[in-house]
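Chain by chain, the residues:
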Amino acid sequence: MTAEQITLLLTSLSSIAAIFSAILFLPQIFKSFSTKNTADNSIFLFIITFTANLLWIGFGITLLLQDKIGDAANLIWQNSFVAILSLILLIYKIIHIKNARKLHLTEAQYCLKLSSEKKQKNINKKPSKFRNFSWWKK
Amino acid sequence: MDLENIIIAGLIISTIAGVLSAIAFIPQTVKSLVTKSTSGLSIGFVIFGITASTIWIIWGVLSSVFASALVNDSSSTTNPAILAAQTAAPIWTNALVLIWSLALLFSKIRNINISKKQNLTEQEYSNLQVTKIYYKHKDKKSLHSKIILKIIKSSLVQKEEL
């Protein structure tokens with residue numbers, strides 16, 4: 001293989017991997033928001049991921065200072081996307097923990113209460129097509 | 001700042017970030033394995049994690065294999081230690097992520113299968129499991145039991161005897 005082919009292969013591999021790491025938290029967000037269950041997620045997962053992604057953005061800025069603009073741009077968009085998604089999940093989980101504490105419930109009891117309230121609300125509604133398409137709820 | 005300092009600062013930041021990314025899945029895996037309750041965890045999340053880390057490992061291995069073939073004009077450092085650290089980092093961080101997310105996938109699939117066999121939803125099965133673990137450790141005073149009770153505290157639904 002020539003050097004150009006190798007470079008092309010490596011670039012395409014890294015962009016596929018970057019896409020997968022970027023959308024990592026999307027199914028989790030869909031699931032958490034549709035079932036209103038955050039009790040099984042560890043809060044440290046979100047905290048550590050958020051911190052790590054902020055640091056990766058910092059690393060991207062050092063690459064910018066070295067004029068490696070292509071690498072830096074990839075690193076920064078990917079990690080800021082993941083940081084935003086994990087921040088959303090972190091805030092959602094913290095809200096649930098606080099509300100559960102106010103009602104003197106455990107977090108799982110509070111989530112169950114929320115989801116049963118949602119079921120009661122939707123009991124007369126026709127199930128939408130979108131709701132049947134629910135592979136992420138598994 | 002001159003260029004070498006920026007590169008070293010970047011290396012330090014990326015090492016810390018790599019360590020954090022590598023250990024990010026550990027709390028989730030420990031929690032899922034201890035509580036045996038994974039109903040709130042999306043299987044897409046776990047599968048994407050496995051796919052991403054596998055591709056990153058392949059990428060890391062290929063780029064260190066072909067490092068000599070690529071005469072890289074853009075690489076602005078000639079220090080061999082820094083270059084070695086830069087190429088090794090994606091391999092070991094993603095290998096750790098891969099191991100922990102495989103454990104997560106294993107526990108998720110096991111829970112789905114067992115709950116199907118018992119004709120329960122996954123959520124009902126996990127609630128039963130957490131309650132069982134709670135009763136096993138409730139009155140014990142060892143450190144082990146205390147840690148387990150602390151981990152399962154947020155997943156506990158039923159405090160009454162079954």
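No experiment lies behind these values; they were computed from the predicted model shown. (Residues numbered from 1 in each chain as written. Chains lettered and ligands numbered in written order. Predicted model: local features only at pLDDT ≥ 70, side-chain atom pairs only at ≥ 80, totals over all residues. Heavy atoms only, no water.)

Caption draft 1: Focus on the packing of helix H3 (residues 43-65) of chain A against helix H4 (residues 69-102) of chain A. Residue and element names in this part refer to chain A. Packing of H3 against H4 brings their axes to within 8 Å, and their N-to-C directions diverge by 155 degrees. The pairing of H3 with H4 is recorded here as roughly antiparallel in orientation. For the crossing formed where H3 meets H4, the hand is left-handed. Class assignment for the residues of the contact of H3 with H4 results in 21 nonpolar, six polar and two charged. (Axes fitted to C-alpha atoms, helices over the stretch in contact; angles between N-to-C directions. Helix = DSSP H or I, 4+ residues; strand = E, 2+ residues; numbered from the N terminus. Parallel < 35°, antiparallel > 145°, perpendicular 65-115°, else oblique. Left-handed = near helix turned anticlockwise from the far one by under 90°. Nonpolar A, V, L, I, M, F, W, Y, C, P; charged D, E, K, R; others polar.)

Caption draft 2: Layout of the side chain of A:Ser115. Residue and element names in this part refer to chain A. Relative to the helices and strands, Ser115 resides in helix H5 (residues 107-121). Note on Ser115: relative accessible area 17%, which makes it buried. Within the structure, the side chain of Ser115 is placed 3.1 Å from the backbone oxygen of Leu112, a separation counted as a polar contact. (Buried < 20%, exposed > 50% of the residue type's maximum accessible area, 1.4 Å probe, protein only. Polar contact = N/O pair within 3.5 Å; in protein donor to acceptor, adjacent residues only side chain to side chain.)

Caption draft 3: Fine view of the packing of H4(A) against H5(A). Residues and elements named next belong to chain A. Running from amino to carboxyl end, H4 crosses H5 at an angle of 100 degrees, the nearest separation of the two axes being 9 Å. Classified by the interaxial angle, the pair formed by H4 and H5 is roughly perpendicular. Across from Lys93, His96, Ile97, Asn99 and Ala100 in H4, the residues of H5 making contact are Glu107, Tyr110, Cys111 and Leu114. Split into classes, the residues belonging to the contact of H4 with H5 amount to five nonpolar, two polar and two charged. (Contact = heavy atoms within 4.5 Å.)

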